[in-house]
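# Descriptive structure summary
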Amino acid sequence: MKVTPGTAPFCVQAVREAFPDLVISLDANQSFTERDLDVLRGFDALGIAWIEEPLDPRRPPANGPHDLFARLAQLQRRIQTPVCLDESIFTASDLAKALKHQELKCYALKIGKFGGIQPALQFVRMANARGMSVWMGGMYDTGISRRMHSAFQMLPGVVDAGDIGATSRYFDVDVTDPPYTVERGTVTLERRGHEHGLGCALDRSALSRVLIDQQTFE
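Presented here is an overview of the structure given in this document. Along every chain, residues carry numbers that run from 1 in the direction the sequence is written. Thresholds applied to this predicted model are a pLDDT of at least 70 for local features of residues and 80 or more for the giving and counting of side-chain atom pairs; totals over whole chains, interfaces and linings are not thresholded and use all residues. Values reported for side chains reflect all heavy atoms of the structure, with hydrogen atoms and water molecules removed beforehand.

Looking now at the overall build of the chain. Within the chain one finds seven helices and seven strands. The helix count covers DSSP runs of H or I at least four residues long, the strand count covers runs of E at least two residues long, and both are numbered beginning at the N terminus. Order of helices (α) and strands (β) in the chain, N terminus to C terminus: α-β-α-β-α-β-α-β-α-β-α-β-β-α. Taken along its principal axes, the extent of the C-alpha atoms in the chain is 60 × 45 × 35 Å. Residue pairs in contact within the chain that sit at least 24 positions apart in sequence constitute 60% of those at least 6 positions apart. Computed by Shrake-Rupley with a 1.4 Å probe, the accessible areas treat only the displayed protein chains as cover when residues are assessed. Accessible area for the chain stands at about 12600 Å²; split by element, carbon and sulfur atoms hold 54% of it. Across the chain, the centroid of the 24 positively charged side chains sits 4 Å from that of the 27 negatively charged ones. For this analysis, residues touch if any pair of their heavy atoms sits within 4.5 Å. His is not counted, nor are the chain ends; Lys and Arg add positive charge and Asp and Glu add negative charge. Note on charges: their place is set at NZ of Lys, CZ of Arg, CG of Asp or CD of Glu.

See the structure below:
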């Protein structure tokens with residue numbers, strides 16, 4: 001659920017009452033500040049899996065740390081709901097800063113943002129060794145990226161539900177053959193004829209319809 005300070009308490013409470021056993025995670029998109037501590041603490045009683053990026057980096061408190069990761073670590077000490085990191089990590093340096101705070105143990109992993117398959121795999125292994133929680137985040141992914149994220153979702157230690165829904169959420173036509181789909185909540189990787197590699201081929205016809213420029217290097 002996307003949440004903001006004004007509507008979050010009522011919306012989240014309503015969903016929890018309607019679905020007592022549902023796994024609920026929240027994405028605040030950096031909309032809260034330390035002044036909203038009571039609201040953030042209120043989620044503790046609702047059994048929330050995690051709250052993603054709760055604090056606004058542009059609005060530090062008058063008293064206390066100004067560094068965002070120090071602020072998030074301080075918030076984690078004050079609430080029970082796990083604080084999850086996503087857009088606050090933009091560079092390798094950001095990740096190094098975040099990892100210095102033992103309180104921050106939940107991360108949304110996006111393979112492209114982490115530098116590709118091998119660095120992302122190394123992060124998963126490191127997270128497992130440190131007892132950190134990892135889930136596969138999503139962006140406006142084509143079927144190529146979605147398949148990579150789905151494969152990572154099957155790794156040991158990646159146990160939280162990931163954002164690996166169908167590409168039709170974003171695109172009318174996928175650029176992979178076969179298209180990446182979700183059928184009755186199930187993702188099928190490596191279909192017949194695509195048992196190796198990413199489990200798909202590029203749909204050259206779909207790509208040609210959106211081609212803007214082409215360069216050939218020999």
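Along the chain, Asp177 connects to Pro178 via a cis peptide bond; the corresponding omega equals 0 degrees. Relative to the helices and strands, Pro178 is located in the loop between β6 (176–177) and β7 (201–202).

Further remarks concern the pairing of strand β4 (residues 106–109). Residue burial is assigned from relative accessible area. The probe radius is 1.4 Å, only protein chains are included, and a residue is buried under 20% of its type maximum, exposed over 50%, and partly exposed in between. The two faces of β4 match: Cys106 and Ala108 on one face and Tyr107 and Leu109 on the other face are all buried. Across two bridges, the pairing between strand β3 (residues 83–85) and β4 is parallel. Within β4, the position partnered with Cys84 by the bridge is Cys106. One bridge is not enough; two strands pair if DSSP finds at least two bridges between them. Relative to strand β5 (residues 133–136), β4 is paired through four bridges, and the arrangement is parallel. Looking at the pairing, Leu109 lines up with Met136 of β5. Here a crossover is taken to be right-handed if, once the strands point away from the viewer, the path from the first strand over the helix to the second is traced clockwise. Taken together, β4, helix α5 (residues 117–130) and β5 form a β-α-β motif whose crossover is right-handed.

This part takes up helix α3 (residues 68–78). Of all 11 residues in α3, nine are buried, a share of seventy percent or more. Within α3, the full set of buried residues consists of Leu68, Phe69, Ala70, Arg71, Leu72, Ala73, Gln74, Leu75 and Gln76. Lining the buried residues of α3 we find α2 (37–42), β3 and α4 (92–99). Counted as a polar contact is a pair of N or O atoms within 3.5 Å, where, for protein atoms, one must be capable of donating a hydrogen and the other of accepting one, and residues adjacent in sequence contribute only when both atoms are in side chains. In this structure Asp67 caps α3, since a side-chain oxygen of it lies 3.1 Å from the backbone nitrogen of Phe69.

The strand order across the open sheet formed by five strands is β1-β2-β3-β4-β5, and the pairing between neighbours is parallel. On the outer flanks of this sheet lie β1 (26–27) and β5, each paired with one strand and no other. The pairing of strand β2 (residues 51–52) with β3 spans two bridges and is parallel. Directly across from Ile51, in β3, lies its bridge partner Val83.

Moving on, we come to the nonpolar core. Throughout, nonpolar core names a set of buried Ala, Val, Leu, Ile, Met, Phe, Trp, Tyr and Cys residues whose side chains join them through atoms within 4.5 Å. In this structure, Phe43, Leu85, Tyr107 and Leu109 are the most contacted members of the largest nonpolar core, which totals 44 residues. Leu85 has contacts with Glu53, Phe69, Leu72, Ala98, Leu104, Cys106, Tyr107 and Ala108, leaving out every residue within four places of it along the chain. Counting five residues, the second-largest nonpolar core is a separate cluster that includes Trp50, Cys84, Ala108 and Trp135.

To continue, consider the packing of aromatic side chains. Here is the rule: rings of Phe, Tyr and Trp (six-membered ring for Trp) pair when centre to centre is within 6.5 Å. Planes less than 30 degrees apart are stacked, more than 60 are edge-to-face, and the remainder are tilted. By the definition in use, this model includes five aromatic pairs. Here the aromatic rings of Phe114 and Phe123 are separated by 4.8 Å at their centres, their planes lie at 50 degrees, and the arrangement is tilted. Classification of Phe123 by relative accessible area gives buried; the value is 4%. With 6.4 Å between their ring centres and 70 degrees between their planes, Tyr170 and Phe171 make a pair best called edge-to-face.

What follows is about the pattern of salt bridges. By salt bridge we mean one thing: a side-chain nitrogen of Lys or Arg within 4 Å of a carboxyl oxygen of Asp or Glu. Scanning the entire structure with this criterion turns up 11 salt bridges. For Arg169, the salt bridge goes to Asp163, with nearest N and O atoms at 3.0 Å. Ionic pairing is found between Glu183 and Arg191, a salt bridge with its closest N-O pair at 3.4 Å. Glu183 gets classed as partly exposed once you look at its relative accessible area, which sits at 44%. According to the relative accessible area criterion, Arg191 is partly exposed, its value standing at 26%. Among the charged side chains, a network of salt bridges with common partners joins Asp141, Arg146, Asp163 and Arg169.

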